[in-house]
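Residue-level structural notes
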Amino acid sequence: MKAIGSITIVLVAIATIGVASHFRSSAAVGAAAPPSGFVLVAHGGAGDYSSMKAEQTEMRRSAMLKAVQSGYAILTKKGSSLDAVEATIRVMEDSGLFDAGRGSYYTREGIPEMDASIMDGRTLNAGAVASLKHIANPIHLARLVMEKSPHVMLVGEGAEEFARSQGIEPVSPYLFFNEREWERYQNAKSAEEKKKSAGLAANKQHGTVGVVALDQAGNLAAGTSTGGTVLKMPGRVGDSPILGAGTYANNESCAVSGTGTGEFFMRNIVAADICERVRYLRVTLEQAANDVVMKELVEQHGDGGVIALDPKGNVAMPFNTEGMMTATVRVDGKVTMQGWSKNAKPIIVSVTK
Ligand code: ASP
């Protein structure tokens, strides 16, 4: 037994379902969902976390477990995948440990600008927000855009004005300040100055969060929330709020949330491409996800990964980076955390304890 935060976990190394290897293409996490089963998969970014201190990794695991527990609590009571996706992402946004909500990366000007989206696979309804500076939970605002506005996407001041009309109080940008992100920002700036380059500073740790879920009624949903990339230009919008690029859900095919350098995900409409391959080519989810992430993106040097889920409960999670932080929970309450680093064995944590 080993403690993660206050939660007791059971470590189980399962070599056969490992994502331990570098450039592991895809992982089938358990069997397909039984009728009236459910599945929820979360990611906390793709990249190279090998230099991350053990205690930092533990904190993220603990936060992901807490997040997934909140989604599980909804799904187990026959709640909707949409509610589970939103609740899980909110916990990750609030944790300050990921590139979303309170942990968002900073723009060139040293303040975060956040993007998020959510999509309902049953109706194809969706909501998205971008370039937010004063909203603590962008995923919640994306949900409100979907349900309380006639639009799919609102950005910047218009989105924040809409938030106020829905009773969401704006927060000070200082809420998003933290030492870790300030340090990352300073390091990225000085690295860029040294290179005398105007291009994007290299950052090998994406920390966007995303969730896909299948509920007991058989409905899929997907959501993604992010602060974007380090030192992005003010006004830059990535793939996370763009439906079909970083987020997509359709009961006919699959639900996807991506993480990586968003410019590649937008050019390749990654999330929609995976789902449409399943729908039109009738290939398996695993093949579709692998072909897009491990072939198309790799050919273009587009770094990142996706979590993908189909209506039968099959899961694919290919990533072409060193790692991708993921957590998967099924009806039995076992959370499988895998992909975190090159040689890490999957960890299975009981959500019900
Ligand atoms: N995809 C996000 C973006 O480009 C970044 C990430 O995944 O961390 O905005």
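The structure this text deals with has already been given above.
Residues numbered from 1 in each chain as written. Predicted model: local features only at pLDDT ≥ 70, side-chain atom pairs only at ≥ 80, totals over all residues. Heavy atoms only, no water.

1. Focus: the overall build of the chain
The criterion, for reference: The way it works is that DSSP assigns letters per residue, a run of H or I at least four long becomes a helix, a run of E at least two long becomes a strand, and they are numbered from the N terminus. Here the term buried applies to any residue with accessible area under 20% of the maximum for its type, exposed to any over 50%, and partly exposed to those in between, with areas from a 1.4 Å probe on protein chains only. In this description, contact between two residues means that some pair of their heavy atoms is separated by no more than 4.5 Å.
Counting its regular elements, the chain contains eight helices and 15 strands. Buried residues in the chain amount to 58% of all 353 residues. For the chain, restricting intrachain contacts to residue pairs at least 6 apart in sequence, the fraction spanning at least 24 positions comes to 69%.

2. A look at the site of the ligand
Keep this limit in mind: If even one non-hydrogen atom of a residue comes within 4 Å of a molecule or strand, that residue is called near it. Polar contact is the term for a pair of N or O atoms within 3.5 Å; when the atoms are in protein, one must be able to donate a hydrogen and the other to accept it, and sequence-neighboring residues count only if both atoms are side-chain atoms. Areas reported as accessible are Shrake-Rupley estimates using a 1.4 Å probe. Residue values count occlusion only from the protein chains shown.
Neighbouring the ligand are 13 residues, the closest being Thr208, Arg236, Asp239, Thr259 and Gly260. In the environment of the ligand, an oxygen atom lies 2.7 Å from a nitrogen or oxygen atom belonging to the side chain of Arg236. At 2.8 Å from an oxygen atom of the ligand is found a main-chain nitrogen or oxygen belonging to Gly262. Protein chains shield 100% of the accessible area of the ligand, which is 270 Å² for the free molecule.

3. Some points on the packing of aromatic side chains
Quick reminder of the rule: When the centres of two rings from Phe, Tyr and Trp lie within 6.5 Å, Trp using its six-membered ring, the rings pair. Their planes under 30 degrees apart give stacked, over 60 give edge-to-face, and anything left gives tilted. Note on criteria: charge over ring means Lys NZ or Arg CZ within 6 Å of the ring centre, with the direction from the centre no more than 35 degrees off the ring normal.
Taken as a whole and assessed by the stated rule, the structure comprises four aromatic pairs. Taking the centre distance of 6.3 Å and the plane angle of 50 degrees together, the rings of Tyr106 and Trp182 count as tilted. In this pair, Tyr106 is assigned in the loop between helix 2 (81-95) and strand 4 (114-120) and Trp182 in helix 5 (residues 179-195), connecting sequence segments 76 residues apart. Relative accessible area serves as the criterion here: at 3%, Tyr106 is assigned to the buried category. By relative accessible area, which is 33% here, Trp182 ends up partly exposed. Taken together, the aromatic side chains of Tyr106, Trp182 and Tyr185 make up a single cluster linked through ring pairs. If you follow Arg61 out to its NZ or CZ, it ends over the ring of Trp340, 5.0 Å from the centre. Positioned above the aromatic ring of Phe264 is the side chain of Arg267, whose terminal nitrogen or guanidinium carbon lies 5.2 Å from the ring centre.

4. Digging into the sheet that holds strand 4
Note the cut-off: Pairing between strands is defined by DSSP: at least two bridges between the two strands are required. Note on definitions: angles span 0 to 180 degrees between N-to-C directions of axes, and those axes are lines fitted to C-alpha atoms, for helices only across the stretch in contact.
An order of 6-5-4-8-7-3-13-14-15 is seen for the nine strands of this open sheet, with the pairing classed as mixed. Pairing within the sheet leaves two strands with one partner each, and these edge strands are strand 6 (153-155) and strand 15 (347-350). Neighbour-to-neighbour, the strand axes of this sheet turn through a mean angle of 10 degrees, independent of strand direction. Two strands pair when backbone bridges link them, and strand 5 (residues 126-132) and strand 6 are joined in this way by three bridges, in the parallel orientation. In the sheet register, Ala130 faces strand 6, and the bridge partner there is Val155.

5. Regarding the sheet that holds strand 10 (residues 255-260)
The strand order 9-10-11-12 describes an open sheet built from four strands, whose pairing is antiparallel. Both edges of this open sheet fall to strand 9 (247-249) and strand 12 (315-316), since each of them pairs with a single strand only. Along the sheet, helix 7 (residues 270-281) contacts strand 9, strand 10 and strand 11 (304-309); its crossing angle with strand 9, the most-contacted strand, is approximately 25 degrees. Lying on the sheet, helix 8 (residues 285-299) is in contact with strand 11 and strand 12; it crosses strand 11 at an angle near 165 degrees.

6. A look at the packing of helix 2 against helix 3 (residues 138-148)
How we decide: Angles below 35 degrees are treated as roughly parallel, those above 145 as roughly antiparallel, those between 65 and 115 as roughly perpendicular, and all remaining angles as oblique.
For the pair helix 2 and helix 3, interaxial distance at closest approach is 8 Å and the crossing angle is 150 degrees. On the basis of their axis angle, the class for helix 2 and helix 3 is roughly antiparallel. Of the residues in helix 3, those in contact with Leu82, Asp83, Glu86, Ile89, Arg90 and Glu93 of helix 2 are Pro138, Ile139, His140, Arg143, Met146 and Glu147.

7. Quick word on the environment of Arg180
As for its placement among the helices and strands, Arg180 is situated in helix 5. When the C-alpha positions of Arg180 and Gly96 are compared, they lie 9.8 Å apart, and in sequence the two are 84 residues distant. Not counting chain neighbours up to four residues away, the residues in contact with Arg180 comprise Arg60, Gly96, Leu97, Phe98 and Gly103.

Structural measurements only, silent on function.
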